[in-house]
Amino acid sequence: MSIVSSTGIGSGIDIGTLVTQLVAAEGQPALNAIQRQQDTTNARLSGLGTLKSALSDFQTVVSKLKDGNLFKTHKAASADESILKVAAGAGSVAGSYALEVTQLAKAQKSISAEFASSAATVGTGSLTIATTAGASFNVTVASGNNTLMGIRDAINNASGNTSVTASIVNVDNSTGTGTISKLVLTAKNSGLANAFTVTGSDDDGNNTDTSGLSQIFSSNLSAQTTATDAIIKVDGQTATRSTNSITDVIQGLTLDLKSAQVGTKVNVDVSLDNEAVNKTLTSFVTAYNKLHTTAKDLGKYGGGTGGSSSGNGALIGDATLRYVTSQVRQDSANPVSSATGNYNSLAMIGVKIDKDGVMSLDSTRLNTALSASLQSVSDVFSSSDGVATRLYSKLDNVLQSGGPLDSQQTSLKKQLSTLDGRKADVQVRLDNLQKTLQKQFTAMDVNVGKFKSTGAFLSNWISKL
């Protein structure tokens, strides 16, 4: 058995600790250098992601200004919402109207005579349910579905039924001495065109009596609600529709009729939604300033030396960052050659950029411009050379796949992959070095142990001479 081990019994040296320290001393400078490069690369990659996010947020707001629809957004107000409500949508134009609701649209509802219960047998045969507009469907009633409940389900599940809903109500009988069931048929849509009739063939041979399947033909149903059309007058002109939600009488407006009041005129005013314009422009200013602050932080110099100094921005000295911030500011501040009217720049409508690059909005000045020349204000943003048009184009070029930001990110990811490979190579070299040193020091320890053993033997031998 060897008189030494890898723990240094022969020499008394802690070989494991010594080898670990030597390997660390050999490899740490190289690993530290790689780690610094990784940290710098990761910081730049993160910085590009932050810039990309801020640019994307800004582009989202810019897109709302680019198509010009914002400046066609109107709001509508009804003088009496208990009679009608109104909402402005795409295509609405400013104006005032006097509306009178003379009749509401109603859906037909018909109810059958009394039956002992929902399980009561009605009869067999066939039903045809047809609307005034010509839509119809057929229902076959046989022994398997000839109860009140079965007929209800057959109607509701019938192929081609787009017009009627069947239900059952359980109520007191006419004498108040018990509960009976009735079949209720309700038109799915209001208006005269959707009124319906129930006809058919009763297997008892009589289609006009009050027994068998003919009990639920129209001749034996009571009208609980009669179908009617909505009738309104717009500035004295009559319009008739099948629904109480009317979208095709006044351009871009939805009229929601609530009650009929013959002789009562309700004023409806449609005007430009200045509040929506102000809100969007406030979002534009906020997004611009967020981008400005983000770019400033990413490119700042923190007072140290070198791009990795504490306090420096992740993209200090980056050419793309400088280009983007410069172009965004120029495109925002420069006059608009395609604008018409009296306004041709953001500054003229109340959007200014100060000496520090911070944008602000003067709502009073904006509203004055909107009132004076709506088209001119719209042109400042959405015309061919409009601020939003040219900003969106520049941002799209920067943010697109394969663009400058995307290319930089791809390159930095490749650098990280290369650095990971270099770190792995260093680790392989250090592992091999550790094995070599372990082997050498173990051999040394064995020899030292042998020398000590020989010395002890000689000393003992000499002492006996």
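Note that the coordinates shown come from a computational prediction; the quantities given were computed from them, not determined experimentally. (Residues numbered from 1 in each chain as written. Predicted model: local features only at pLDDT ≥ 70, side-chain atom pairs only at ≥ 80, totals over all residues. Heavy atoms only, no water.)

## Let's talk about the overall build of the chain
Within the chain, the secondary structure is distributed over eight helices and 17 strands. Dimensions of the chain along its principal axes, counting C-alpha atoms only, are 145 × 75 × 40 Å. A separation of at least 24 residues holds for 69% of the contacts in the chain among residues at least 6 apart in sequence. Surface exposure of the chain reaches about 23900 Å², of which carbon and sulfur atoms provide 51%. (Helix = DSSP H or I, 4+ residues; strand = E, 2+ residues; numbered from the N terminus. Contact = heavy atoms within 4.5 Å. Areas by Shrake-Rupley, 256 points an atom, 1.4 Å probe, with all protein chains shown as cover.)

## Concerning the sheet that holds strand β12 (residues 237–241)
Taken in spatial order, the five strands line up as β1-β15-β3-β11-β12 in an open sheet, and their pairing is antiparallel. Of all the strands in the sheet, just β1 (74–78) and β12 have a single pairing partner and so form its edges. Recorded for the sheet is a direction-independent mean angle of 25 degrees between the axes of neighbouring strands. Relative to β12, strand β11 (residues 230–234) runs antiparallel, the two being bridged by five bridges. Looking at the pairing, I232 lines up with A239 of β12. (Pairing = 2+ DSSP bridges. Axes fitted to C-alpha atoms, helices over the stretch in contact; angles between N-to-C directions.)

## Comments concerning a nonpolar patch on the surface
Taken together, L458, W461 and I462 make up a surface patch of nonpolar side chains, about 320 Å² in accessible area. Looking at where W461 falls in the secondary structure, it is placed in helix α8 (residues 404–463). Taking relative accessible area as the criterion, W461 reaches 48% and is therefore assigned partly exposed. (Patch = residues over 30% accessible without salt bridge, like charges linked within 9 Å, V, L, I, M, F, W, Y side chains within 5 Å. Salt bridge = Lys/Arg side-chain N within 4 Å of Asp/Glu carboxyl O. Buried < 20%, exposed > 50% of the residue type's maximum accessible area, 1.4 Å probe, protein only.)

## Some thoughts on the packing of helix α4 (residues 319–333) against helix α7 (residues 387–399)
It is the contact of α4 with α7, at a shortest axis distance of 9 Å, that shows an interaxial angle of 165 degrees. Classed by the angle they form, the pair α4 and α7 counts as roughly antiparallel. Between α4 and α7 lies a crossing whose hand is right-handed. Counted together, Y323, V324, Q327, V328, D331 and S332 of α4 and V387, R390, L391, K394, L395 and V398 of α7 form the full contact between these two elements. (Parallel < 35°, antiparallel > 145°, perpendicular 65-115°, else oblique. Left-handed = near helix turned anticlockwise from the far one by under 90°.)

## Side note on the pairing of strand β8 (residues 179–187)
Where strand β4 (residues 109–111) lies against β8, three bridges are found, and the strand directions are antiparallel. Across the sheet, residue K109 finds its bridge partner in β8, namely T186. Alignment of strand β7 (residues 164–172) against β8, held across nine bridges, turns out to be antiparallel. Residue pairing in the sheet places D172 in a bridge with T179 of β8.

## Remarks on unusual backbone geometry
One non-glycine residue with positive phi stands out, namely D235, at about 50 degrees. Assignment of secondary structure puts D235 in the loop between β11 and β12. Among the residues examined, D235 registers a relative accessible area of 46% and is labelled partly exposed.

## Describing the domain arrangement of the chain
Splitting the chain by domain gives domain 1 (1–73 + 273–443), domain 2 (74–104 + 230–272) and domain 3 (109–225). Of note, the centres of domain 1 and domain 2, computed from C-alpha atoms alone, are 52 Å apart. If you look at the interface, domain 1 gives seven residues, while domain 2 gives five residues. When the buried surface of domain 1 facing domain 2 is broken down by residue, K72, T73 and D273 rank first, second and third, together holding 64% of it. Along the contact surface separating domain 1 from domain 2 lie three residue pairs in polar contact (both at pLDDT 80 or more). Across the side of domain 1 that touches domain 2, the residue classes tally to three nonpolar, two polar and two charged. (Domains from an automatic or database assignment. Buried area = accessible area lost by both parts, 1.4 Å probe. Polar contact = N/O pair within 3.5 Å; in protein donor to acceptor, adjacent residues only side chain to side chain. Nonpolar A, V, L, I, M, F, W, Y, C, P; charged D, E, K, R; others polar.)

## A few points about the sheet that holds strand β2 (residues 84–88)
Strand pairing in a sheet relies on backbone hydrogen bonds. The paired strands run either parallel or antiparallel. In spatial order, the strands read β2-β14-β13; together these three strands make up an open sheet with antiparallel pairing. The outermost strands of the open sheet, each flanked by one partner alone, are β2 and β13 (245–246). Here β13 pairs with strand β14 (residues 253–257) via two bridges, running antiparallel. Bridging from a neighbouring strand, S245 pairs with D256 of β14.

## Structural notes on the nonpolar core
L55, F58, F284, L346, I349 and F381 are the most contacted members of the largest nonpolar core, which totals 47 residues. Of all elements in the fold, only α1 (15–66), α3 (274–299), α4, α5 (363–372), α6 (374–382), α7 and α8 reach the threshold of two or more residues within this core. (Core = buried A, V, L, I, M, F, W, Y, C linked by side-chain atoms within 4.5 Å.)

## Concerning the environment of N267
Tracing the sequence through the fold places N267 in strand β15 (residues 266–272). For the pair N267 and L99, spaced 168 residues apart in sequence, the C-alpha to C-alpha distance is 6.3 Å. Dropping the residues within four chain positions of it, N267 is found in contact with A77, S78, A79, Y97 and A98.

## Observations concerning the environment of A90
Relative to the elements of secondary structure, A90 occurs in the loop between β2 and β3 (95–103). Measuring from C-alpha to C-alpha, the distance between A90 and V277 comes to 15 Å, with 187 residues separating the pair along the chain.

## Concerning the confidence of the model for the chain
Averaged over every residue, the pLDDT of the chain is 89; residues scoring 70 or more account for 94%. Segment residues 304–308 is flagged for pLDDT under 50; beyond a separation of four residues in sequence, or across chains, it makes six contacts in the model. (pLDDT = per-residue confidence, 0-100.)

## Some details on the packing of α3 against α4
α4 packs onto α3 with a crossing angle of 150 degrees between their chain directions and a minimal axis gap of 10 Å. Classed by the angle they form, the pair α3 and α4 counts as roughly antiparallel. Crossing of α3 against α4: the hand is left-handed. Residue-level contacts link Y288, L291, A295, L298 and G299 of α3 to L321, T325, V328, R329 and S332 of α4. Its residues assigned to classes, the contact of α3 with α4 comprises six nonpolar, three polar and one charged.

## A word on the environment of N289
Relative to the elements of secondary structure, N289 occurs in helix α3. For the pair N289 and M359, spaced 70 residues apart in sequence, the C-alpha separation works out to 6.2 Å. The contacts of N289, once residues within four sequence positions are left out, are G357, V358 and M359.

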